[in-house]
Number of protein chains: 2
Amino acid sequence: MLDPVRLRVLVAVARTGSLTAAAKELHYAQPSVSHHLARLEAETGAKLLQRVGRGVRLTDAGQLLADRAAEILGRLDSAAAELEALTQLRAGRVRLAAFPSALGTFVPEAGVRLAEAYPGVELHITEAEPPEALAMIRAGEADVAVVFGYGPGEDPDVRIRHLFDDPGHLVYLDGPTLTDHRDGQWIAGCERCRRHLLDVCAKEGFTPNITFTTDDYVAVQAMVAAGLGAALLPSLALRAHRDPRVRTAELPGSVRHVYAATYGAPPDPPATQALLEALAKPLA
Amino acid sequence: MLDPVRLRVLVAVARTGSLTAAAKELHYAQPSVSHHLARLEAETGAKLLQRVGRGVRLTDAGQLLADRAAEILGRLDSAAAELEALTQLRAGRVRLAAFPSALGTFVPEAGVRLAEAYPGVELHITEAEPPEALAMIRAGEADVAVVFGYGPGEDPDVRIRHLFDDPGHLVYLDGPTLTDHRDGQWIAGCERCRRHLLDVCAKEGFTPNITFTTDDYVAVQAMVAAGLGAALLPSLALRAHRDPRVRTAELPGSVRHVYAATYGAPPDPPATQALLEALAKPLA
DNA sequence: CCGCATTACGTCTTTCGTAACGATG
DNA sequence: CATCGTTACGAAAGACGTAATGCGG
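By the naming in an unreviewed UniProt entry, chain A goes by LysR family transcriptional regulator and is assigned to Herbidospora solisilvae. Turning to chain A, the UniProt annotation filed under Sequence similarities (unreviewed entry) states: "Belongs to the LysR transcriptional regulatory family."

This part is about the protein's contact with DNA strand D. By nearness alone, 17 residues border DNA strand D, and A:A29, A:S32, A:H36, B:T20 and B:S34 come closest of all. Sugar and phosphate atoms constitute 74% of the interface atoms of DNA strand D, taking the interface as everything within 4 Å of the protein. Measuring from a phosphate oxygen of DNA strand D, one finds a side-chain N or O atom of B:T20 at 2.5 Å. Contact between DNA strand D and B:Q30: a base nitrogen at 3.3 Å from a side-chain N or O atom of the residue. Looking at the surface near DNA strand D, the elements that each hand over two or more residues are α3 (30-44) of chain A together with α2 (19-26) and α3 (30-44) of chain B. Considering only residue class, the surface near DNA strand D consists of 5 nonpolar, 9 polar and 3 charged.

Opposite charge on two side chains makes pairing possible when the charged atoms of those side chains draw close. As enumerated under the stated definition, the model contains 26 salt bridges over all chains in all. Across the salt bridge formed by A:D143 and A:R95, the nearest N and O atoms sit 2.9 Å from each other. One end of the pair, A:D143, is in the loop between α7 (130-139) and β5 (144-148); the other, A:R95, is in strand β3 (residues 92-98), and 48 residues separate them in sequence. In this structure, the salt-bridge partner of B:R256 is B:D166, at a minimum N-O distance of 3.0 Å. Of this pair, B:R256 sits in strand β10 (residues 247-263) while B:D166 sits in strand β6 (residues 158-172), and the two are 90 residues apart along the sequence. Grouping residues by exposure puts B:R256 and B:D166 together as buried.

With that settled, the discussion passes to the domain arrangement of chain A. Domain annotation of chain A identifies domain 1 (4-72), domain 2 (73-165 + 258-280) and domain 3 (166-254). Computed over C-alpha atoms, the centres of domain 1 of chain A and domain 3 of chain A are 46 Å apart.

Attention now moves to the environment of A:D60. Residues and elements named next belong to chain A. Examined against the element boundaries, D60 turns out to sit in helix α4 (residues 60-86). The class of D60 is exposed, set by a relative accessible area of 69%. The spatial distance from the C-alpha of D60 to the C-alpha of L236 is 47 Å, given a sequence separation of 176 residues.

Another aspect to go through is the protein's contact with DNA strand C. Near DNA strand C you find 18 residues, and of these A:T20, A:S34, B:A29, B:S32 and B:H36 are the closest. Expressed as a percentage, the sugar and phosphate content of the atoms of DNA strand C within 4 Å of the protein is 75%. B:R6 is positioned such that a nitrogen or oxygen atom in its side chain is 3.2 Å from a phosphate oxygen of DNA strand C. Contributing elements (two or more residues each) for the surface near DNA strand C: α2 (19-26) and α3 of chain A together with α3 of chain B. Broken down by class, the residue content of the surface near DNA strand C amounts to 6 nonpolar, 9 polar and 3 charged.

On to the pairing of strand β6 (residues 158-172) of chain A. All names here are of chain A. Among the 15 residues that make up β6, 11 are buried, leaving the element largely enclosed by the rest of the structure. Bridge analysis of β6 against strand β10 (residues 247-263) gives 13 bridges, and the strand direction is antiparallel. Each bridged residue has a counterpart across the sheet, and for H162 the counterpart in β10 is Y259. Relative to strand β9 (residues 230-234), β6 runs antiparallel, the two being bridged by 4 bridges. Residue pairing in the sheet places H169 in a bridge with L233 of β9.

Whether parallel or antiparallel, the strands of a sheet pair through hydrogen bonds between backbone atoms. Residue and element names in this part refer to chain B. With respect to topology, 8 strands assemble into an open sheet ordered β4-β3-β5-β10-β6-β9-β7-β8, the strand pairing being mixed. If you trace the sheet from one side to the other, it starts and ends with β4 (121-127) and β8 (209-213), each paired once. The average angle at which neighbouring strand axes cross in this sheet is 25°, direction not considered. Examined bridge by bridge, strand β3 (residues 92-98) and β4 share 7 bridges and lie parallel to one another. Within β4, the residue paired with R95 across the bridge is H124. Sitting on the sheet, helix α9 (residues 217-225) touches β6, β7 (185-188), β8 and β9 (230-234), and the angle it makes with β9 is about 150°.

Turning our eyes to something else, we now look at the sheet that holds strand β8 (residues 209-213) of chain A. All names here are of chain A. Read from one edge of the open sheet, 8 strands run β4-β3-β5-β10-β6-β9-β7-β8, paired in mixed fashion. At either margin of the open sheet sits one strand with a lone partner, and together these are β4 (121-127) and β8. Each adjacent strand pair in this sheet contributes to an overall mean axis angle of 25°, direction not counted. Lying on the sheet, α7 is in contact with β3, β4, β5, β6 and β10; it crosses β5 at an angle near 150°. Relative to β9, helix α9 (residues 217-225) is tilted by about 150°, and along the sheet it contacts β6, β7 (185-188), β8 and β9.

For these two chain copies, the linking operation is a rotation about an axis paired with a shift along it. At an RMSD of 0.3 Å, chain A and chain B line up after a rotation of 180° and a shift of 0.0 Å along the axis. Taken together, the rotation and translation describe the operation of a two-fold axis. For chain A, the residue whose C-alpha comes nearest the rotation axis is A:I72, separated from it by 3.1 Å. Taken together, the interface assignments show that 100% of the residues at the interface of chain A recur at the interface of chain B, consistent with an identical surface on both copies.

Most peptide bonds adopt trans geometry, and most residues besides glycine take a negative phi value. All names here are of chain A. Cis peptide bonds are those with omega within 30 degrees of zero, and the linkage from P266 to P267 qualifies with -5°. The residue P267 is located in the loop between β10 and α11 (270-280) in this model. Even without a glycine there, the phi angle at H27 is positive, about 60°. Inspection of the secondary structure puts H27 in the loop between α2 and α3.

All right, on to the interface of chain A and chain B then. Contact with chain A, which involves 35 residues of that partner, is made by 35 residues of chain B. For the pair chain A and chain B, the summed buried area comes to about 2900 Å², and 75% of that belongs to carbon and sulfur atoms. The tally of links between chain A and chain B comes to 4 salt bridges. Note that A:R68 is salt-bridged to B:E82, the shortest N-O span being 2.7 Å. Put simply, chain A and chain B have 6 residue pairs in polar contact (both at pLDDT 80 or more) between them. When contributions to the side of chain A that touches chain B are tallied by element, the ones reaching two or more residues are α1 (4-16), α3, α4 and α11 of chain A. Considering only residue class, the side of chain A that touches chain B consists of 22 nonpolar, 4 polar and 9 charged.

Definitions and cut-offs
- Residues numbered from 1 in each chain as written.
- Chains lettered and ligands numbered in written order.
- Predicted model: local features only at pLDDT ≥ 70, side-chain atom pairs only at ≥ 80, totals over all residues.
- Heavy atoms only, no water.
- UniProt positions renumbered as here; feature names shortened; annotations may be inferred.
- Near = heavy atom within 4 Å.
- Polar contact = N/O pair within 3.5 Å; in protein donor to acceptor, adjacent residues only side chain to side chain.
- Helix = DSSP H or I, 4+ residues; strand = E, 2+ residues; numbered from the N terminus.
- Nonpolar A, V, L, I, M, F, W, Y, C, P; charged D, E, K, R; others polar.
- Salt bridge = Lys/Arg side-chain N within 4 Å of Asp/Glu carboxyl O.
- Buried < 20%, exposed > 50% of the residue type's maximum accessible area, 1.4 Å probe, protein only.
- Domains from an automatic or database assignment.
- Pairing = 2+ DSSP bridges.
- Axes fitted to C-alpha atoms, helices over the stretch in contact; angles between N-to-C directions.
- Contact = heavy atoms within 4.5 Å.
- Least-squares fit on C-alpha atoms with pLDDT ≥ 70 in both.
- Buried area = accessible area lost by both parts, 1.4 Å probe.

Given below as structure tokens:
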């Protein structure tokens, strides 16, 4: 049987004229698109694509299938929409727990996307650092948690999936590299970033002298601006708030992985799926 | 996205009114059908079925989705058919190697099914015992081999899948159980069945006295009829040829697994797929 | 060389089967 | 108690990513 996933890939390639562009549109890696098409050709026994310099062109057979596929996929989607309407599925509630700089950056964007796509879904947002957010998930007090510092496999009942990577930045007044501050004072951005800071500095062969500690990334920047030391902040924190008096430099080896966590076996309830979808999209 | 496999299951259930019947129609195990429907309900968030005594009934939502699904699946199938027509895919050649009693029983049935569904496909048939048949597969001299005595994992390049189980039968003039013949003479049905015979008799605590050996199941039955001893034959051999003078009794613990083998990585070429499909159907 | 596509390979998820259990007439 | 459906679990296949390898302009 024709696989609609492969058909969606074919349609995307037909529209864009390139595997790379299709991959971007579908949030796939390039090789995945290539593989899908190769399999589709093998399964159907028909040559669907023809390489032409850079990019590819659809053969007649490929164009025919792409046309039929576009209609079929449309009907599939509209059947899903009809079912949703019948069961009022676009209504519902999702409770999200997320850490502060997420709330200051991509969570509002995701909220907008969610409201556009699922107008009936209520979104409840709670601020919580990762350990508390996961506790809320386990306790059933939240449906989705946006966290960092925890990966898949923490708990068999909690499903954790990767959202994106958040590079670390050095925040300073003078001296754009870590070693410029090896003998200076440091402000630990937050409890969890402290661990991260220690690791990064250890790689450079020194232990930072941490003289101030606060979870508040606004305060951290104010302290740096006041000359109290340097700090390490994730890029999300800088996107949420940027003190004009400080300077920043990305630290190549330093990334924080941001994840979305849910509770229970797949599949997630539809409202939860909708929120996860909205959270994943800003990655594009 | 709605998964067409699940939709096909839903449609089958809608038609038959029962999970068990749908499973039979789709060649699935019962629990697989149950699981597909459970997942479909969870993914869509809609109750689609309602248990009513024995059997199930579709809810309004389930009926709606089943109706839409039937149309979508029809279009999927017809897109595939259109593509096949365009690329003349229903033409082609498949070379089958199979052991004798298979040729005398279900292979002709499969040939008929193949000719009905794919009129343009030429089927070439060769008689070969399993080792030779597999050698032909590896040498590229056959596309599909019907074998027994070999299972999946024999060779990484040869894909072997289960077709059905073929129960063993005791062939005799007098004495319908194995132990009736513990001190009598035996005719080994064929080289490979000899191993099988030894195993079965060992379980009963004796070693059969094998006085005649032949691969030919017609000859075996003639010898039994002549009073030369008892024999063990697979049911396929008895279906292919039944000597009216002998009596037979199924041996509960004795089954021969029949497999289809192909060469190379999946997916198989369309003509090969078509033959495999035709071979699998008689199972129903 | 650079961009686009393919191949190779590893991890995680899903599917489907068998077996055991539960419910219903 | 017989039958239909569900739950539990294990084995095989598939999807998708990263890394490494063609290949055309």
